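Report on the structure
For reference, the chains in residue letters:
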Amino acid sequence: MGLCGSSSGGPSNAYFDEYVRTLPSMKGKVVAVTGCTSGTGKIFARVCAKKGAKIVMLNRASERADDAFQFIKGVAFEAHAPAPVFIPCDLTSFKNVKAAGEQLAKDFGGLGLDVLCNNAGLVGVEDKATEDGCDIQMQTNHLSHFVLTAYCMPLLEKAASLRGEARIVNHSSSCRVMNLGPAWDNTLQEKHLGKNGGKLGGSSGKFFQGSDFERYQQTKLANVVFTYALNDRLQAKGSKVKALVAHPGAALTQCTTNMMSGGGAKDVIMLPQCAWTLMAHMMMQSQEDATIGILRSGCDPAAKSGEFYGPLGLGGGTGKHDASEYRGPHGLLKEEPFANAEARALLWTASEKTTGTPFAL
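Notes on the structure in this doc start here. Residue numbers run consecutively from 1 along every chain, following the written order of its sequence. The model is predicted, so local features are restricted to residues of pLDDT at least 70 and side-chain atom pairs to those at 80 or more, both for listing and for counting; the totals for chains, interfaces and linings are taken over all residues. Side-chain measures here rest on the full set of heavy atoms in the structure, leaving out hydrogens and waters.

**Regarding the side chain of D114**
Strands here are runs of E lasting at least two residues and helices are runs of H or I lasting at least four, both read from the DSSP assignment and numbered beginning at the N terminus. Structurally, the position occupied by D114 is in the loop between α4 (94-108) and β5 (115-118). Relative accessible area decides the class of each residue, using a 1.4 Å probe on protein chains only: under 20% of the type maximum gives buried, over 50% gives exposed, and in between gives partly exposed. You can call D114 buried: its relative accessible area is 2%. We call two N or O atoms a polar contact when they sit within 3.5 Å, provided that within protein one can donate a hydrogen and the other can accept it, with sequence-adjacent residues counted only if both atoms are side-chain atoms. A polar side-chain atom of D114 sits 2.8 Å from the main-chain amide nitrogen of V30. In contact with D114, not counting residues within four places along its chain, are G28, K29, V30, L156, A159, R163, E165, A166 and R167. Residue contacts are defined here by distance: any two heavy atoms, one from each residue, within 4.5 Å place the two residues in contact.

**Topic: the environment of S174**
When you line up the elements, S174 lands in the loop between β6 (166-171) and α6 (190-193). When the C-alpha atoms of S174 and H247 are compared, they prove to be 6.5 Å apart, with 73 residues separating the residues in sequence.

**As for the packing of aromatic side chains**
Geometrically, a pair of aromatic rings is defined through the distance of the ring centres and the angle of the planes. Stacked, tilted and edge-to-face are the three classes applied to pairs of Phe, Tyr and Trp rings, where Trp contributes its six-membered ring and a pair requires centres within 6.5 Å; stacked means planes under 30 degrees apart, edge-to-face means over 60, and tilted covers the rest. Per the counting criterion, the structure on display carries six aromatic pairs. On the basis of an interplanar angle of 70° and a centroid distance of 5.2 Å, the ring pair of F146 and F359 is categorised as edge-to-face. One end of the pair, F146, is in helix α5 (residues 136-163); the other, F359, is in the segment after α13 (341-355), with 213 residues separating them in the sequence. Of the residues examined, F146 reaches a relative accessible area of 0% and is grouped as buried. Look at W184 and F213: their rings are 6.0 Å apart centre to centre, the planes differ by 50°, and that puts the pair in the tilted class. In this pair, W184 sits in the loop between β6 and α6 while F213 sits in helix α7 (residues 210-237), placing the two residues 29 residues apart along the sequence. Here W184 and F213 have matching classes, each one buried. Cluster of aromatic residues (ring-pair linked, three or more members): F146, F226, W348 and F359. Charge over a ring is defined by NZ of Lys or CZ of Arg lying within 6 Å of the ring centre and within 35 degrees of the ring normal. Above the ring of F71, the side-chain terminus of K42 is found at 4.6 Å from the ring centroid. One residue, R233, lies across the ring of W348, its end atom 4.0 Å from the ring centre.

**Here we look at the pattern of salt bridges**
In a structure, side chains of opposite charge can pair up when their charged atoms sit close to one another. Basic side-chain nitrogens of Lys or Arg form a salt bridge, by our definition, when they fall within 4 Å of a carboxyl oxygen of Asp or Glu. Under the defined criterion, the tally for this structure stands at 10 salt bridges. When the shortest N-O distance is used, the salt bridge between D135 and R215 registers 4.0 Å. Taken together, the residues span a long stretch of sequence, with D135 in the loop between β5 and α5 and R215 in helix α7 at a distance of 80 residues. Taking the relative accessible area as the measure of exposure, D135 reaches 1% and is therefore buried. Among the residues examined, R215 registers a relative accessible area of 0% and is labelled buried. For R176, the salt bridge identified is with E336, shortest N-O distance 2.8 Å. Here R176 is found in the loop between β6 and α6, whereas its partner E336 is found in the loop between β10 (330-332) and α13, with 160 residues between them in sequence. The same class applies to R176 and to E336, which are both buried. In this structure, a network of salt bridges that share partners links the residues D135, D212 and R215.

See below:
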């Protein structure tokens, strides 16, 4: 999930179709995806199904989840791929996530899991606690994915032993590095990883202000730090499981609709239509183009553990045109300086403590 815009209309695909043609067959592989009722998660599932993979859809039970399941089922049928599986997974509940992990182990203990794509996320949600006492955005975007990944590790190792490798793909955002002022601290803070939901600055309803933005940004920092910490441990163990991370840039997805309907972006809602049009022209890309980062992380044979993929800007990272991270061809990004050894240790310890889930590799 990334910085998103209006969900009506939007840019055409600039890179997606050509890139997807380069991806190899996924026949014989099992791919699990969280948050795949719409947007990048649904597109990721669609592409993997078309490439022959068996898709495990990890969504909160809802009418949207049912509709998405039927859609992927149809894609799989047309591609002569295995039928998808739906496992209920409500990321706002550790109990529910652990149950999903146990169901995965029951269903795929023999076959293993080739790709776990931790795609789901919330943005622009008020400062409130989950049933577990955590910030609802941090629990959804990171802590529950930490739990799910821990439960899936035996399945990932099983697939790696059978088919040579497996992958964990996390999804961050361009918001992780945005700076809202000279005193802004965009390093990972332990309080956001704890059971402090509803006590993290309150809600103004304006996304690009203070604590509202900070709560979301902290979750996206956590996605990157978690990936690097995972990679450290997997490499030290000599594992064939890879950990990668991507961010989508700016895309026209469902996330903004959800944010606005929830009252979390009054500052964005107030923008006139001409501003939306200009923003879409200057910053936005299609949902499909925004999915390239997680596709590369999950499906590209050349992708290596610890790598971070995202848009390079319209100058392709050269700085000749638009050097921002919002759109442009997707490529390998530099290692993030904020995700240092101290941040990795902090995240791992705090995540284990808060979730009550030991995660030893």
